[in-house]
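# Observations on the three-dimensional arrangement
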Amino acid sequence: MRTKLCMMCSLMPIFCLCVLAGTARRGTGDLEATGPVSGDLFGRSIVVLHDDDHPSQWKVAVSDPFCPLERTPLVGRVWILSGSDDSCLMTVSGSAAGEQLGTSLLGPCDLDGDGKPELVVGSRVPEGTPSTIRGFSYNGEKLYEATLPSGPGRGPSLSLCPGEKGEADRLLVGLPRTLDGGQEAPGALYIYTPGQDLTMVAHGSDAGDQLGIATSFLGRTADSLSMVAIGSCPREDLSGKYADRAGYVLIEVLGSERTPIRLTANAGVGYWFGYSLLALGDVNADGVPDVLVGQPNDSEGSRVAAFSGSDGKQLWVAVSELGSSFGESMTMLSDLDEDGVADVAVGSPGSLNQDSTVTIFSGRTGAQLHQLVGANAPGRASHFGISLAFSQASGRLLVGACSPRGWRGMPGKVFEFDVATWALLRDRSAERLDCK
Ligand SMILES: [Ca+2]
Ligand SMILES: [Ca+2]
């Protein structure tokens, strides 16, 4: 049975607060009142921040959306760390209870068009109030903020729509749970530029579709239009109202009249299909970018499948019988097997250390190239692979591992591997960082 504690908690903070408050916490005094402590979910999201002007000075942003601030629970914090050593450059914290700053991270991007890279941080705030996105400079200065037309229960999915010819980037914002006149809407994809209203560019067909649970910019067409993939995952609704519905993925060309390509699972019912997405580049060399779709559904066999962006045909599939949420996280790597196509890492964060893995696949064929096993990571870590990020400049794969400490007694960690040798170079946890 699939255990999705971290995901459940991102959806149901009140539930989790209650559960965690009732959990014995040895040696932590009266922390029961605040649920998770700082760093419990360190590594829930990770993004590598490159600065084109200083390629050797790469940075890593890591979030703990459950991080409390003194006695205020679930405020959220983002750490910006040096990529080259163990130093902590700065942190940004939320301010309100339940704000969950850092439910999603994106960077580097330049949405305000000033030529300097920034970090975008998504958050969700307490039930009944909207989510937000905020842009920060690498120094932690807040540059812009937008309140999202989001319904209850979930923060935004974020993807970058890169600007062309010196133009500012735009942000793709997936909002799976919007409300329309108080009624649940099918979910939608928006485009955001600082200082302007969000523009809806695609929406789902039926209430509860949760379109926008994942979103990914795939690339540009010959006439420079943006191709995007948008995931729908009705079953992710924990009310169980849509438990019998399969997910789907739309491949849209924004600003065109083209009918979107609709991808569905090629095996099983297709529960959880579209929960995660990854832009693969042009795997089959037909000039059109392709997409990897995650289906972390342990009851049917979790899988990831590559689809052609031109006709929606399945190019390859990798299936896991492990029952450990294979496909919940994915990231692009460099071309490790030197066949001309960049390769991919897929996380199976599972629920326990021993069955958590990160598997490396050939981007062209789906052949397995390597596997990292959570049980081999030093110290105690759970949900190894819940988040993944890759530094192109340094060839490092970052693997997040976190679960609320009140649940299993393990702080969140971020492991760093060299993809040339698969040597573990570093593991970071919030409690070992020296930053205020
Ligand atoms: Ca292609
Ligand atoms: Ca390759």
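Residues numbered from 1 in each chain as written. Chains lettered and ligands numbered in written order. Predicted model: local features only at pLDDT ≥ 70, side-chain atom pairs only at ≥ 80, totals over all residues.

### A word on the overall build of the protein chain
The following threshold applies: Going along the chain from the N terminus, every DSSP run of H or I of four or more residues is numbered as a helix, and every run of E of two or more is numbered as a strand. Burial is judged by counting the other C-beta atoms within 10 Å of a residue's own C-beta: 20 or more makes it buried, 12 or fewer makes it exposed, and any count in between marks it as partly exposed, with every C-beta position built from the backbone. We call two residues in contact when the distance between their C-beta atoms, placed using the backbone, is within 7 Å.
Counting its regular elements, the protein chain contains 3 helices and 30 strands. In the protein chain, which comprises 436 residues, the share counted as buried stands at 52%. Sequence-distant contacts, at least 24 apart, represent 51% of the contacts inside the protein chain between residues at least 6 apart.

### A short note on the nonpolar core
Note the threshold: To define a nonpolar core, we join buried Ala, Val, Leu, Ile, Met, Phe, Trp, Tyr and Cys residues through C-beta atoms within 7 Å and take the resulting set.
Of all hydrophobic cores here, the largest spans 102 residues; its most connected members are Val 293 and Val 399. Residues in contact with Val 293, not counting those within four places in the same chain, are Val 249, Leu 263, Phe 273, Gly 274, Leu 277, Val 304, Ala 305 and Phe 307.

### A few points about unusual backbone geometry
The omega angle of the peptide bond from Gly 107 to Pro 108 is -10°, so this bond is cis rather than trans. Following the sequence through the fold, Pro 108 ends up in strand β5 (residues 101-109). If you check the backbone angles, Gln 100 has positive phi at about 55° while not being a glycine. On the basis of neighbour count, Gln 100 is assigned to the buried category, with 29 C-beta atoms found within 10 Å. Residue Ala 285 is not a glycine yet carries a positive backbone phi of 55°. Here Ala 285 lies in the loop between β19 (276-281) and β20 (290-295). Note on Ala 285: 10 C-beta atoms within 10 Å, which makes it exposed.

### Topic: the environment of Met 332
On the secondary structure map, Met 332 appears in strand β23 (residues 329-332). Accessibility expressed as a C-beta count within 10 Å gives 18 for Met 332, which makes it partly exposed. When the C-alpha atoms of Met 332 and Leu 280 are compared, they prove to be 7.2 Å apart, with 52 residues separating the residues in sequence. Those residues within four positions of Met 332 in sequence are excluded, and the remaining contacts are Leu 278, Ala 342, Val 344 and Phe 390.

### Comments concerning the sheet that holds strand β17 (residues 248-253)
Note the threshold: We call two strands paired when DSSP finds no fewer than two bridges between them. Lines fitted to C-alpha atoms define the axes, with helix axes restricted to the stretch in contact, and inter-axis angles between N-to-C directions lie between 0 and 180 degrees.
Taken together, the 4 strands give an open sheet; going across it, the order is β15-β16-β17-β18, and neighbouring strands pair in antiparallel fashion. Both outer strands of the open sheet, β15 (211-220) and β18 (261-263), are each paired with one neighbouring strand and no more. Strand-to-strand twist in this sheet, taken as the mean axis angle between neighbours without regard to direction, amounts to 20°. Sheet analysis places β17 next to β18, joined by 3 bridges and oriented antiparallel. Across the sheet, the residue bridging to Val 249 is Leu 263, located in β18.

### Some remarks on the pairing of strand β6 (residues 118-123)
Counted residue by residue, β6 has 6 buried out of 6 residues, so it is predominantly covered. The side-chain alternation of β6 yields two buried faces, one formed by Glu 118, Val 120 and Gly 122 and the other by Leu 119, Val 121 and Ser 123. Inspection of the sheet shows β5 paired to β6 by 5 bridges, in the antiparallel sense. Opposite Leu 101, over in β6, you have Ser 123 as the bridge partner.

### What to know about the pairing of β20
With 6 of its 6 residues buried, β20 lies for the most part within the structure. Of the two faces of β20, both are covered, the one formed by Asp 290, Leu 292 and Gly 294 as well as the one formed by Val 291, Val 293 and Gln 295. Looking at chain direction, β19 and β20 are connected through 5 bridges and run antiparallel. When the sheet's bridge partners are listed, Ala 279 is paired in β20 with Val 291. Where β20 lies against strand β21 (residues 302-307), 5 bridges are found, and the strand directions are antiparallel. By the bridge assignment, Gln 295 is partnered in β21 with Arg 303. Where β20 folds back onto β21 in an antiparallel hairpin, the turn is made up of 6 residues, including Gly 301, whose phi is positive at roughly 95°.

### Focus: the sheet that holds β20
If you walk across this open sheet you meet the 4 strands as β19-β20-β21-β22, and the pairing is antiparallel. The open sheet has two free edges, formed respectively by β19 and β22 (314-320), since each of these has just one partner strand. Taking each pair of neighbouring strands and ignoring which way they run, the sheet shows an average axis angle of 15°. Of the strand pairs in this sheet, β21 and β22 are connected by 6 bridges, and their pairing is antiparallel.

### Considering the environment of Val 358
Relative to the helices and strands, Val 358 resides in strand β25 (residues 357-361). As a C-alpha pair, Val 358 and His 370 span 12 residues in sequence and 8.5 Å in three-dimensional space. Not counting residues up to four positions away in its chain, the partners in contact with Val 358 are Ala 345, Gly 347, Leu 372, Gly 385, Leu 388 and Val 399.

### Structural notes on the confidence of the model for the protein chain
For clarity, the cut-off: By definition, pLDDT measures how confident the predictor is in each residue, and it falls between 0 and 100.
Looking at the protein chain, the pLDDT average stands at 85 and 86% of residues meet or exceed 70. Note on residues 1-34: pLDDT is under 50 here. Beyond four places in sequence and across chains, it has 50 contacts.

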